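Working through the structure, step by step
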Amino acid sequence: AQSVAQPEDQVNVAEGNPLTVKCTYSVSGNPYLFWYVQYPNRGLQFLLKYITGDNLVKGSYGFEAEFNKSQTSFHLKKPSALVSDSALYFCAVRGNKAAGNKLTFGGGTRVLVKP
Amino acid sequence: GAGVSQTPSNKVTEKGKYVELRCDPISGHTALYWYRQSLGQGPEFLIYFQGTGAADDSGLPNDRFFAVRPEGSVSTLKIQRTERGDSAVYLCASSLQAVATDTQYFGPGTRLTVL
C-alpha cells in the first residue's frame, strides 16, 4: 500500500523567510509525487510534480520541491515566503500500476506566513 | 480554459435522503476521479473513470455510494440513505488520460452536510 506522511500540522514563517513543508512517502516501485495547495473554500490547486529526471522540480508561484530517493522524501520549498502563501498544502503520491491511478494524500500542513 | 466544475457548491440534506453530486470535467479529459475530504484531513480516493467505465471503485465506502459517467464526460456521484458520517467535501478531478504521470486537476468541491 502507498502512504504519505506530512509530519507538521502547521508551519509558521515570517514573510521573506524561506519556507519548507515536509513530506515523506512509502510506495512500491517508482514514485510519482505531487504537491497541491488549498485555499479556504476552494479546491486543490496543482503546484508541481516529480515524475523522473532532475531531483529538483520547479513549479508554480516560485515553489520548488526536492526528491530524495534514499530518504523517501519530497519536501516543498520556497526561498522567500509571502503572506499570500498562507494556505493548506498537501503532498500526494501515485505508485506502480498495481496501485492504480488514484492519488494518496497526506494529512496536510497548514502554512501561516506572518507579515 | 474552463476548469473542473462541480454542482451544487453546497448541499444540506436530512439523514436518510438521497443526493446527487455533479462533476463537469475539463473538456477533452478522459479520466475523472472522485475524492472525499473530511474536516482536517487529506482527500481520500473514492472512484475513477476511464471514459464511461469505472476503472477502480475500491474507495467507495459501501453500497450506498454509486457513480456514473454515461457519456464519458459529466459524472454524477449518488449517495443513498445518507448518514451524518457522509458529511464532507466531495472533490472531483480530471486528467487528460488515466496514466500515473498525468496531473489531476480538481474542482472546487461540493460541501455535503447531512443533518
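Our structure's up above, just so we're on the same page.
Residues numbered from 1 in each chain as written. Chains lettered and ligands numbered in written order. Predicted model: local features only at pLDDT ≥ 70, side-chain atom pairs only at ≥ 80, totals over all residues. Heavy atoms only, no water.

This part covers the overall build of chain A. Each helix and strand counted, chain A has zero helices and 12 strands in total. Reading chain A from its N terminus to its C terminus gives the helix and strand order β-β-β-β-β-β-β-β-β-β-β-β. Relative to the 2.2 N^0.38 estimate, which gives 13 Å for 115 residues, the radius of gyration of chain A is 14 Å and therefore close to what a compact globule would have. Based on the C-alpha atoms only, the size of chain A along its principal axes is roughly 45 × 30 × 20 Å. Going through the 115 residues of chain A one by one, you find that 46% of them count as buried. A sequence separation of at least 24 residues applies to 57% of the contacts in chain A between residues at least 6 apart. Carbon together with sulfur atoms contributes 49% to the accessible area of chain A, which is approximately 5,500 Å² in total. (Helix = DSSP H or I, 4+ residues; strand = E, 2+ residues; numbered from the N terminus. Rg over C-alpha atoms; globule rule 2.2 N^0.38 Å. Buried < 20%, exposed > 50% of the residue type's maximum accessible area, 1.4 Å probe, protein only. Contact = heavy atoms within 4.5 Å. Areas by Shrake-Rupley, 256 points an atom, 1.4 Å probe, with all protein chains shown as cover.)

Quick look at the interface of chain B and chain A now. Between chain B and chain A, the contact holds 24 residues from the first and 19 residues from the second. The contact between chain B and chain A buries some 1,700 Å² in all, and 52% of this surface belongs to carbon and sulfur atoms. On the chain B side of the interface with chain A, the three residues burying the most area are Ala100(B), Thr101(B) and Phe106(B), jointly 29% of the side's total. On inspection of chain B and its partner chain A, the count reaches zero salt bridges. (Buried area = accessible area lost by both parts, 1.4 Å probe. Salt bridge = Lys/Arg side-chain N within 4 Å of Asp/Glu carboxyl O.)

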